[in-house]
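Residue-level structure breakdown
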Amino acid sequence: MPRLRRRSLPDATIARLPQYLRCLHQLENAGLQTVHSADLAANVGVSGAVVRRDLSYVGSYGTRGVGYPVSELREKVNVALGLATEHPMVIVGVGHMGRALAGYSGFLERGLRVVGLFDADLDLVGSKAGNPDVEMLEIRPLSELDAFVKDHDVAIGVIATPASAAQSVADQLVEAGVTSLLNLSAVHLTWSCVPWIWLLRSRSSPCTQYRGRRDEPSGRGSQPPQRADRGSGGSRSGGHRIGTADAGRR
């Protein structure tokens, strides 16, 4: 994931913003122009007051009786999450999971572009993977990873390797200059050289880790955000109680 831009965002708010964004994408695709805090609250599983407070941190306050403009709010949440600009990303490990990620078209909608694929298996090196409608990328050897990260200003590294290789790949990515890691291997990784560690765990993938640095550390220590399991795609994301009328609320 990209670096978070707003120093003042509380950890719990950061964990909920991706869920708000998913709801707003659904609303926009359905052609709805406004949404009330109560509708977002029902979808995310918090109170309307929590939603209004969260959205105030990204600069959106809504209008009583009208709600929030969907498109405008989506843009503000995008900016708060650092998704308003494109962030280059590499995937290390191009097995079944890595190949599926390389072909996933939803990354572009979230400001992420896969620019490089790497694998230690020399039988895979030189072949291609990716989304044929966007771009097919040549799989490169791990020996080229450091130079590639520096040359392409890569911000995010995705680790989709076997557990036995995950720690060494994480170390290599960090040493090359990557500032955010998404670990999809079946092992918990540790680091010591990069501060501001954030761990996002989903119920379906308890070993998933995200590690990133804020642009402006707040000095509160490297504690993971509260309720981060929901921020990374918890079980409530499939709800549809959004866009209903609620004239008395924002």
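To start, this report covers the structure provided alongside it. (Residues numbered from 1 in each chain as written. Predicted model: local features only at pLDDT ≥ 70, side-chain atom pairs only at ≥ 80, totals over all residues. Heavy atoms only, no water.)

What follows is about helix α4 (residues 70-80). The set of residues buried in α4 consists of V70, L73, R74, V77, N78 and A80. Taken down its axis, α4 places every buried residue within 160° of arc, on the same side. At the C-terminal side of α4, G82 shows a positive phi close to 75°. (Buried < 20%, exposed > 50% of the residue type's maximum accessible area, 1.4 Å probe, protein only. Helix = DSSP H or I, 4+ residues; strand = E, 2+ residues; numbered from the N terminus. Arc of directions from axis to C-beta.)

In the contact formed by helix α2 (residues 37-44) and helix α3 (residues 48-57), the axes pass within 8 Å of each other and the chain directions differ by 105°. Here α2 is positioned roughly perpendicular relative to α3, judged by the angle of their axes. Contact residues: S37, L40 and A41 in α2; G48, V51, R52 and L55 in α3. The class makeup of the residues in the contact of α2 with α3 is four nonpolar, two polar and one charged. (Axes fitted to C-alpha atoms, helices over the stretch in contact; angles between N-to-C directions. Parallel < 35°, antiparallel > 145°, perpendicular 65-115°, else oblique. Contact = heavy atoms within 4.5 Å. Nonpolar A, V, L, I, M, F, W, Y, C, P; charged D, E, K, R; others polar.)

Another aspect to go through is the nonpolar core. With 24 residues, the main nonpolar core has L17, Y20, V35 and L73 as its most contacted residues. Residue assignment for this core shows that the elements contributing at least two residues are α1 (11-29), α2, α3 and α4. Tallying contributions element by element places α1 first for this core, with seven residues. Look past the residues within four positions of L17 in its chain and what remains in contact with it is L9, V58, V77, A80 and L81. Counting residues in each nonpolar core, the second largest holds 17 residues, with V92, F148, V169 and A176 among its members. (Core = buried A, V, L, I, M, F, W, Y, C linked by side-chain atoms within 4.5 Å.)

Here we come to the pattern of salt bridges. Following the criterion strictly, the structure yields seven salt bridges and no others. In this structure, R113 engages E86 in a salt bridge whose closest nitrogen and oxygen atoms are separated by 3.1 Å. With R113 in strand β4 (residues 112-119) and E86 in the loop between α4 and β3 (87-92), the pair connects residues that are 27 residues apart, well separated along the chain. Here R113 falls in the partly exposed class, since its relative accessible area comes to 26%. (Salt bridge = Lys/Arg side-chain N within 4 Å of Asp/Glu carboxyl O.)

What follows covers the packing of aromatic side chains. Evaluated as defined, the whole model comprises two aromatic pairs. A centroid spacing of 4.9 Å and a plane angle of 85° characterise the contact between Y104 and F107, whose relative ring orientation is edge-to-face. Here Y104 falls in the partly exposed class, since its relative accessible area comes to 42%. The interplanar angle of 75° and the centroid separation of 5.3 Å between the aromatic rings of F118 and F148 together place this pair among those described as edge-to-face. Of this pair, F118 sits in strand β4 while F148 sits in helix α7 (residues 145-151), and the two are 30 residues apart along the sequence. Here F118 matches F148 in class, with each residue buried. (Phe/Tyr/Trp six-rings, centres within 6.5 Å; stacked < 30°, edge-to-face > 60°.)

A word on the packing of α1 against α2. In contact at an axis separation of 10 Å, α1 and α2 are set at 115° when each is read in the N-to-C sense. Judged by the inter-axis angle, α1 sits roughly perpendicular to α2. Crossing of α1 against α2: the hand is right-handed. The residues of α2 that touch α1, namely those facing R16, Q19, Y20 and C23, are L40, N43 and V44. Residues of the contact of α1 with α2, tallied by class, amount to four nonpolar, two polar and one charged. (Left-handed = near helix turned anticlockwise from the far one by under 90°.)

Geometric descriptors of this kind do not, in isolation, establish any biological role.
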